[in-house]
Amino acid sequence: MDHFIGREKELSYLESLYSRDEFETCAIYGRRQVGKTTLMSRFSLDKRSIDFQFSKGTAYENLSHMGIVIGTFLGVSPIHFDSFSMAIETLSEICKEERIVVIFDEFPYLAHSIPDASSILQRFIDKCHDVTKTMLLICGSSISMMKKETEAYDSPLYGRFRNRIWLKPLSLSECRAFHPTMSDVDILRTYLTVGGIPTYHRMMDEDTYEKCIKKCFLGFNATLSNEANVVVEGELTPSDIHSGIIACIADGKSHQNMMVDALGISKTLCSRYITNLENVGFVESLTPMLTAKKRPYNISDNLLAFHYMILRKYGPLLKNVDVDKTYGLMKHDIDTHLGRRFELLCRSYISSNYSVKESGSWWGRVDGEDVDIDVVATVYNKDNLLIYILGECKFRKGPAGMALIDVLEKRAISARADSNVRFAVFSLGGFTEELEEYALETGTLLIDCGKLLGDDDPDVI
């Protein structure tokens, strides 16, 4: 298996910047383990490059690292730098001599250890801009810190990184390559658990989903058992309140007033922390469609959702030596959880394959019962007319049948979706012959595991 999977668009974008044959900068954002370093390494593979990998250490350690890297590039012994200014001055002279791709990996670590690093880097950019063809890439796993360093108006680097890449998780079809011996359904279950983060998918390298969960999350020293805490603590301050908000959403307290009551914080503070979580892609508000009201929040990061909604419930049991027994206790909750995450994936499928104006869900009451429509989207069809897609999602082995159409029809009436409507049924277990015949006659979209994985082209609407 090729170590590098996906990222064709991002590589193409970086190559287009490089092909301009002039000074360029690009800031690459992305959550921990999403593949920023791998992307930059792949891009610079066939180019003269200087790659700095900064750490959480002291200024002395990071300057020593720069001395080693620059010395290696020049073919000399490590160079001693008393200051970041000295290191940057040497780097400037190198860039004047030849075209270089310069990589500052985990720049926020450097900025933390050297408070004036951003100001010095700004001078490097301004000095090299007109006299070199350097390409400067910086990245960091703290999205909030990267935004602060490169986008805040009062930052020295403001305006110096107009080119940006927010590296998102890989798609389901791309992640298939990480799991060559898995069944399609188990690949999908794995994706709904670790969500397109390359490092996690590489760790989930067993041939079944169950074995992967036991290996990575259960037992003593499981590799991913504490990863969610590391992600939240590394990104947000104070981490405890931000974690509390995610926990509230996991427990069904998905409206802001519920979080305020549960956490004992002010509405203003709660709103600020929710915005922080949205800005880094950890939570999202679910768009109410048609007659639905209020905006509940969802956990948008799959690994965080699995931790807060499943692992958190089982606490000390997770470290039991008997991982088979622990998994057996968790299995029902895991299946229920994956069914809910499946709905998010189905909404994403519509957004990725059609010209969507808006998407979300509908919820309301039918015959005195709280019900919902899993997928609701306004989409432009092939004639550029705006239509509604209303979809139901079934995360089960058996084939979906006409009963789902009856459900959609009744709920569509309650939601007042009475014109320009196309139904959609998402089902892991396929469809009954009766439903397939109905779909041919009515244009109902039937999306199975093969379509979700990219084996089959999406239907034209």
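Just so it is clear, the model here is predicted, and its values are computed rather than measured. (Residues numbered from 1 in each chain as written. Predicted model: local features only at pLDDT ≥ 70, side-chain atom pairs only at ≥ 80, totals over all residues. Heavy atoms only, no water.)

A. Local environment of the layout of surface pockets. Taken as a whole, the largest pocket spans an internal volume of roughly 1,300 Å³. In this structure, the largest pocket is lined by 45 residues; those nearest its centre are Tyr-191, Ser-300, Leu-344, Ser-348 and Ser-352. Looking at the lining of the largest pocket, the element that brings in the most residues is helix H17 (residues 323-353), giving nine residues. Here the residues of the lining of the largest pocket sort into 20 nonpolar, 16 polar and nine charged. As for the second largest pocket, its lining consists of 44 residues, of which Tyr-109, Ser-141, Ser-142, Gly-234 and Glu-235 are closest to the centre. At the level of secondary structure, the elements contributing two or more residues to the lining of the second largest pocket comprise helix H2 (36-43), helix H5 (107-113), helix H7 (143-151), helix H10 (198-203), helix H12 (227-235) and helix H15 (267-279). If you tally residues by element for the lining of the second largest pocket, the top one is H12, at five residues. (1 Å grid on protein atoms, 1.4 Å probe; cavity = no way out; pocket = protein on both sides within 12 Å on 5 of 7 lines; lining within 4 Å. Points joined across faces, edges and corners; volume = space filled by probe spheres on them. Helix = DSSP H or I, 4+ residues; strand = E, 2+ residues; numbered from the N terminus. Nonpolar A, V, L, I, M, F, W, Y, C, P; charged D, E, K, R; others polar.)

B. Inspection of the sheet that holds strand E9 (residues 369-380) at higher detail. Taken together, five strands build an open sheet; the order of strands is E8-E9-E10-E11-E12 and the sheet is mixed. The two strands at the open ends of the sheet, each matched to only one other strand, are strand E8 (355-366) and strand E12 (445-447). With direction set aside, neighbouring strand axes in the sheet form an average angle of 25°. Bridging between E9 and strand E10 (residues 386-394) involves six bridges; their strand directions are antiparallel. Each bridged residue has a counterpart across the sheet, and for Val-376 the counterpart in E10 is Leu-390. (Pairing = 2+ DSSP bridges. Axes fitted to C-alpha atoms, helices over the stretch in contact; angles between N-to-C directions.)

C. Structural view of the side chain of Ser-92. By the element assignment, Ser-92 lies in helix H4 (residues 84-97). Given the relative accessible area of 1%, Ser-92 is considered buried. (Buried < 20%, exposed > 50% of the residue type's maximum accessible area, 1.4 Å probe, protein only.)

D. Structural detail: the pattern of salt bridges. Evaluated as defined, the whole model comprises 29 salt bridges. Lys-133 serves as the salt-bridge partner of Asp-21, at 3.0 Å between the closest nitrogen and oxygen. Here Asp-21, found in the loop between helix H1 (8-18) and strand E1 (24-29), pairs with Lys-133, found in the loop between helix H6 (117-128) and strand E4 (135-140); they are 112 residues apart in sequence, far enough to count as distant. Here Glu-89 ties to Lys-127 by a salt bridge, and the two come within 3.1 Å at their closest N and O atoms. One end of the pair, Glu-89, is in helix H4; the other, Lys-127, is in helix H6, and 38 residues separate them in sequence. (Salt bridge = Lys/Arg side-chain N within 4 Å of Asp/Glu carboxyl O.)

E. Structural view of the nonpolar core. Membership of the largest hydrophobic core comes to 97 residues, with the highest contact counts inside it found for Leu-137, Leu-188, Phe-217, Leu-304, Phe-342, Ile-350 and Phe-426. Among the elements that line this core, the one with the most residues is H17, at nine residues. Residues within four places of Ile-350 in sequence aside, it is in contact with Val-356, Val-375, Ala-377, Val-379, Ile-389 and Phe-426. (Core = buried A, V, L, I, M, F, W, Y, C linked by side-chain atoms within 4.5 Å. Contact = heavy atoms within 4.5 Å.)

F. Main features of the environment of Arg-347. Structurally, Arg-347 is set in helix H17. Taking relative accessible area as the criterion, Arg-347 reaches 9% and is therefore assigned buried. Taking C-alpha positions, Arg-347 is 16 Å from Leu-290, a pair spaced 57 residues apart along the chain. When neighbours within four sequence positions are excluded, Arg-347 is seen to be in contact with Leu-286, Asn-298, Gly-360, Ser-361, Asp-374 and Val-375.

G. Highlighting the environment of Trp-166. Secondary-structure assignment places Trp-166 in strand E5 (residues 164-166). Considering only alpha carbons, one finds Trp-166 and Glu-10, 156 residues apart in sequence, at a separation of 9.4 Å. The contact partners of Trp-166, leaving out residues within four places of it in the chain, are Tyr-29, Gly-30, Ile-143, Lys-147, Asn-279, Val-280 and Gly-281.

H. Geometry of the pairing of strand E3 (residues 101-105). The element E3 is extensively covered by neighbouring structure, given that five of its five residues are classed as buried. Here E3 shows no split at all, with Val-101, Ile-103 and Asp-105 on one side and Val-102 and Phe-104 on the other all buried. Bridging between strand E2 (residues 49-53) and E3 involves five bridges; their strand directions are parallel. Pairing of Gln-53 across the sheet is with Asp-105, part of E3.

I. Quick look at the sheet that holds E2. Spatially, five strands are ordered E2-E3-E4-E1-E5 in an open sheet, and the strand pairing comes out parallel. Of all the strands in the sheet, just E2 and E5 have a single pairing partner and so form its edges. Put simply, the sheet's adjacent strands are angled 15° from each other on average, direction ignored. Where E3 meets E4, four bridges bridge the pair, whose relative direction is parallel. When the sheet's bridge partners are listed, Phe-104 is paired in E4 with Ile-138. The strands touched by H2 are E1, E2, E3 and E4; relative to E4, the strand with the most contacts, the crossing angle is about 165°. Its contacts with the sheet place H4 against E2 and E3, and it is angled at close to 155° to E3.

J. H17, seen in detail. Its 31 residues place the ends of H17 only 39 Å apart at the C-alpha level, less than the 45 Å of an ideal helix rising 1.5 Å per residue. At Met-330, H17 shows its maximal bend, which comes to roughly 45°. (Expected span 1.5 Å × (residues − 1). Bend = angle between axes of the 7 residues up to and from the residue.)

K. Region of the structure containing the packing of aromatic side chains. On inspection of all chains with the given rule, the structure shows ten aromatic pairs. Here Tyr-18 and Phe-43 contribute two aromatic rings whose centre-to-centre distance is 6.0 Å and whose plane-to-plane angle is 85°, an arrangement assigned as edge-to-face. In this pair, Tyr-18 sits in helix H1 while Phe-43 sits in helix H2, placing the two residues 25 residues apart along the sequence. Judged by relative accessible area, Tyr-18 falls into the buried class, the value being 18%. Its relative accessible area of 1% is what places Phe-43 among the buried residues. The interplanar angle of 85° and the centroid separation of 5.3 Å between the aromatic rings of Phe-52 and Phe-104 together place this pair among those described as edge-to-face. You can see Phe-52 sitting in strand E2 and its partner Phe-104 sitting in strand E3, a full 52 residues away along the chain. You'll find Phe-52 and Phe-104 in the same group, each marked buried. Taken together, Phe-52, Phe-54, Phe-84, Phe-104 and Phe-107 form an aromatic cluster joined through their ring pairs. (Phe/Tyr/Trp six-rings, centres within 6.5 Å; stacked < 30°, edge-to-face > 60°.)

Function cannot be inferred from these measures alone, as they are strictly geometric.
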